[in-house]
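# Fold and geometry: a report
Here's the letter readout for the chains.
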Amino acid sequence: MATSSSQSDSNALAETDKTTAAATDLSSTANAAAETLSSVENSPLESQTPSLGQSWLYAGGILTAIYGLFASIDLLNLGFQSIFGPQIESWLNLAATPWLGLLLGILATALVQSSSIITTLLVGLVAGGLPLATAIPMVMGANVGTTITNTLVSLGYLGSDDEFERGFAAATIHDCFNLLALVIFFPIELWLHPLERLSQILLEQSNQLAIFPTSVVSPIDWLLQPVHWVAAYGINTLSGPWDALLLFGTSVGGLMICVTALGWLMKHWLSTFAKETMYWALGHGSKLGALLTGTGLTAVLQSSSMTTSLVVPLAAAEITTLESIYPFVLGANIGTCITALIATLAVDSPVALQLAIVHLSFNLAAVILIYSIPALRSVPLALAQQLATATRNYRIVAIGYVMGLFFLLPFLALWLSSMLFA
């Protein structure tokens, strides 16, 4: 019995020794982890944060890349306009039905890369006798067609899966919102004409918009004057198809270089100052602030393509999120209406002013309705993210999306219309 008792005691001691050893090992592991964490926390963060001089260099590089991005987009617009510009006005007169007018608005805006140009042209056509009911669907289509520019900017990130997915989602949130607005408002406008009636009421209440200046010059046009001079010299020097090839080659090459440079600079300038700057620029965390910022900036620049294209590199570099970009893009949708309103001052036509009011009313109503209802508000976000995920896995989806929505479908409708109404 004594032997059995001593044996039991020795077993208990052995178990105690094992437990003590395990606890010692666990304590050693915890201490090592704490030391590692402490070394990481106490590492020189200053080495990761750019110095004041480096920050100035990064800021200068970013401003240069932004200027190059704007210049590339402008050259791309000039290239499209030089080829398709003369045909656009005749195409707009072919809108035999509202559906065809809608698709023509998408096609014409995608080809000239500017909804401002199309809405201004439509203002002139309406003043010259084009029926308002014919022009309204084309204005709605122009809202969709203008989103092609920032989608093309996102293609500059094709080489990186993560950056491309984030950039493509940021670009197509504009597309998805405008498409949802079309699905809701276009059938209602066909049946009940609420936008046309509302614009008529507003027009009767005020026959003139005295708050608008007689002329407004976009600062972008002034800043890009040197680019226009260089482009004009190149076009005048070359002949045949080489002038268009020069514009397209320079614009596409410049677009890719500037997007890549902007993304690299943004990722290497992720200091607290840079994050706070973008935080305030996008409405300092306020959805209403981001909406107002997008509206004001686009109204000043007179180009929603410029402002919405600028946020694509920010999203690709993870400086901002898709949710933060969303209200900013909606503000750009409202701000771009300023161009058509200013254009009406040159034609002195009540019907032309009514068309500009329709454009503004449509964009305001879409923002108020869709963004104020949570179920509708989440639809463009979900669609843009799903589309971006699909293009991340299959790059051909991005090409098919751009070609199908902006070119093939409208071209097919135009061809069928010419066959049926010839």
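These lines cover the structure that appears in this document, whether it is placed above or below. A quick note: this is a predicted structure, and the numbers were derived from the prediction, not measured.

What follows is about the pattern of salt bridges. With the rule as written, the count across this model stands at four salt bridges. Arg392 is paired through a salt bridge with Asp162; the nearest N and O atoms lie 2.6 Å apart. With Arg392 in helix α18 (residues 374-393) and Asp162 in helix α7 (residues 161-192), the pair connects residues that are 230 residues apart, well separated along the chain. Assessed through its relative accessible area of 26%, Arg392 is described here as partly exposed. The partner of Arg392 in a salt bridge is Glu165, and the shortest N-O contact between them spans 3.0 Å. Residue Arg392 is located in helix α18, and its partner Glu165 is located in helix α7; the two are separated by 227 residues in the primary sequence. Each member of the salt-bridge network shares a partner with another, and the members are Asp162, Glu165 and Arg392.

All chains considered together, the criterion is met by seven aromatic pairs. Ring geometry for Tyr401 and Phe406: centres 6.2 Å apart, planes at 85°, overall edge-to-face. What makes Tyr401 buried here is its relative accessible area of 14%. Take Phe406: its relative accessible area is 0%, and that puts it in the buried class. Connected via pairs of aromatic rings, a cluster forms that spans Phe164, Phe168, Tyr401 and Phe406. The ring of Tyr371 carries the charged tip of Arg377 above its face, separated from the ring centre by 5.1 Å.

To continue, consider unusual backbone geometry. Working note: non-glycine residues mostly have negative phi, and peptide bonds are mostly trans. Notably, His193 is not glycine yet its phi reads approximately 55°, a positive angle. One can find His193 in the loop between α7 and α8 (194-205). Among the residues examined, His193 registers a relative accessible area of 30% and is labelled partly exposed. Of note, Glu318 is a non-glycine position whose phi angle comes to about 60°, a positive value. Inspection of the secondary structure assignment puts Glu318 in the loop between α14 (304-316) and α15 (322-335).

Put simply, α7 and α14 touch, their axes get as near as 8 Å, and they point 150° apart. Taken together, the axes of α7 and α14 lie roughly antiparallel to each other. Crossing hand, α7 versus α14: right-handed. Between α7, through Glu163, Arg166, Gly167, Ala170, Ala171 and His174, and α14, the contact on the second element is made entirely by Thr308, Val312, Ala315 and Ala316. Residue classes in the contact of α7 with α14 are distributed as five nonpolar, three polar and two charged.

Criteria and thresholds
- Residues numbered from 1 in each chain as written.
- Predicted model: local features only at pLDDT ≥ 70, side-chain atom pairs only at ≥ 80, totals over all residues.
- Heavy atoms only, no water.
- Salt bridge = Lys/Arg side-chain N within 4 Å of Asp/Glu carboxyl O.
- Helix = DSSP H or I, 4+ residues; strand = E, 2+ residues; numbered from the N terminus.
- Buried < 20%, exposed > 50% of the residue type's maximum accessible area, 1.4 Å probe, protein only.
- Phe/Tyr/Trp six-rings, centres within 6.5 Å; stacked < 30°, edge-to-face > 60°.
- Lys NZ or Arg CZ within 6 Å of the ring centre and 35° of its normal.
- Axes fitted to C-alpha atoms, helices over the stretch in contact; angles between N-to-C directions.
- Parallel < 35°, antiparallel > 145°, perpendicular 65-115°, else oblique.
- Left-handed = near helix turned anticlockwise from the far one by under 90°.
- Contact = heavy atoms within 4.5 Å.
- Nonpolar A, V, L, I, M, F, W, Y, C, P; charged D, E, K, R; others polar.

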